Amino acid sequence: MTDAVLVTMVPSPTGDLALLVHDDVLVAAGFGTPEEQHARLRTAPPLRRVNDLGPFSAAMSSYFDGNLTAMDDLPVHQPGGTFRQAAWKVMREIPPGSTITYAELASRAGSPLAARAAGSACAINLIAPIVPCHRVLRGGGALGGYAYGLSRKEWLLAHERESATAR
């Protein structure tokens with residue numbers, strides 16, 4: 001075990017992405033400062049900045065360069081109950097360039113009547129975009145929310161659609 005949460009920033013066309021790793025597992029990621037991401041963790045060792053996080057940095061750079069499956073095998077962990085864990089697992093199974101609704105997410109996670117809980121799982125997701133809550137929309141195709149702003153959600157969805165059709 002390490003005595004610190006390691007953090008690096010990965011540049012992207014939609015802003016720098018903070019990646020936080022503890023014991024070789026991604027525990028937080030997002031388009032905010034490292035301190036903002038670290039503060040979202042319930043209890044965590046101190047933050048230590050590094051220039052590169054090896055396979056984590058490489059995977060995300062590759063994703064932003066158009067390799068949409070580059071982040072699929074990154075190990076992740078975030079605290080949450082049974083339904084949230086199931087919802088986050090389902091989010092990682094949504095193919096890049098595809099979307100589902102909150103109701104579909106709830107159903108695939110084993111609780112067909114829990115669309116609001118599915119929305120909550122998206123809202124508290126600590127590891128975006130690796131756990132791709134941006135691929136979950138409201139019924140009827142409306143974007144819904146995104147912690148890092150709807151313009152980023154739109155960019156991520158467009159990036160995935162364009163990269164998927166280019167392959």
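Residue positions are given per chain, counted from 1 along the sequence in the order it is written. Owing to the predicted nature of the model, reporting of local features is limited to residues with pLDDT of at least 70; listing and counting of side-chain atom pairs is limited to 80 or more, with chain, interface and lining totals taken over all residues. Note that water and hydrogens are dropped before the side-chain values are worked out from all heavy atoms of the structure.

Engineer: Which parts of the structure should I look at to understand the pattern of salt bridges?
Structural biologist: Opposite charge on two side chains lets them pair, provided their charged atoms get close. Any carboxyl oxygen of Asp or Glu that lies within 4 Å of a side-chain nitrogen of Lys or Arg is treated as forming a salt bridge with it. Counting across every chain of the model gives three salt bridges. R49 is the partner of E35 in a salt bridge, and the nearest nitrogen-oxygen pair spans 2.7 Å. Of this pair, E35 sits in helix α1 (residues 34–39) while R49 sits in strand β4 (residues 47–49), and the two are 14 residues apart along the sequence. On the accessibility criterion, E35 (44% relative accessible area) is partly exposed. Accessibility here uses a 1.4 Å probe with only protein chains present; expressed as a share of the type maximum, an area under 20% marks a residue as buried, one over 50% as exposed, and anything in between as partly exposed. Given the relative accessible area of 53%, R49 is considered exposed. Close ionic contact of K89 with E93 constitutes a salt bridge, the shortest N to O distance being 2.6 Å. Of this pair, K89 and E93 are both found in helix α3 (residues 82–93), four residues apart, which corresponds to roughly one turn of the helix. Comment: elements are numbered from the N terminus, with helices defined as DSSP H or I runs of at least four residues and strands as E runs of at least two.

Engineer: Just to check I follow, could you spell out the pairing of strand β3 (residues 25–30) for this structure?
Structural biologist: Remember that side chains alternate between the two faces of the sheet whenever the strand is regular. Extensive coverage of β3 is indicated by the burial of five of its six residues. Direction of pairing for strand β2 (residues 17–22) relative to β3: antiparallel, over a ladder of five bridges. Directly across from H22, in β3, lies its bridge partner V25. Paired strands, as defined in this entry, are two strands with at least two bridges between them according to DSSP.

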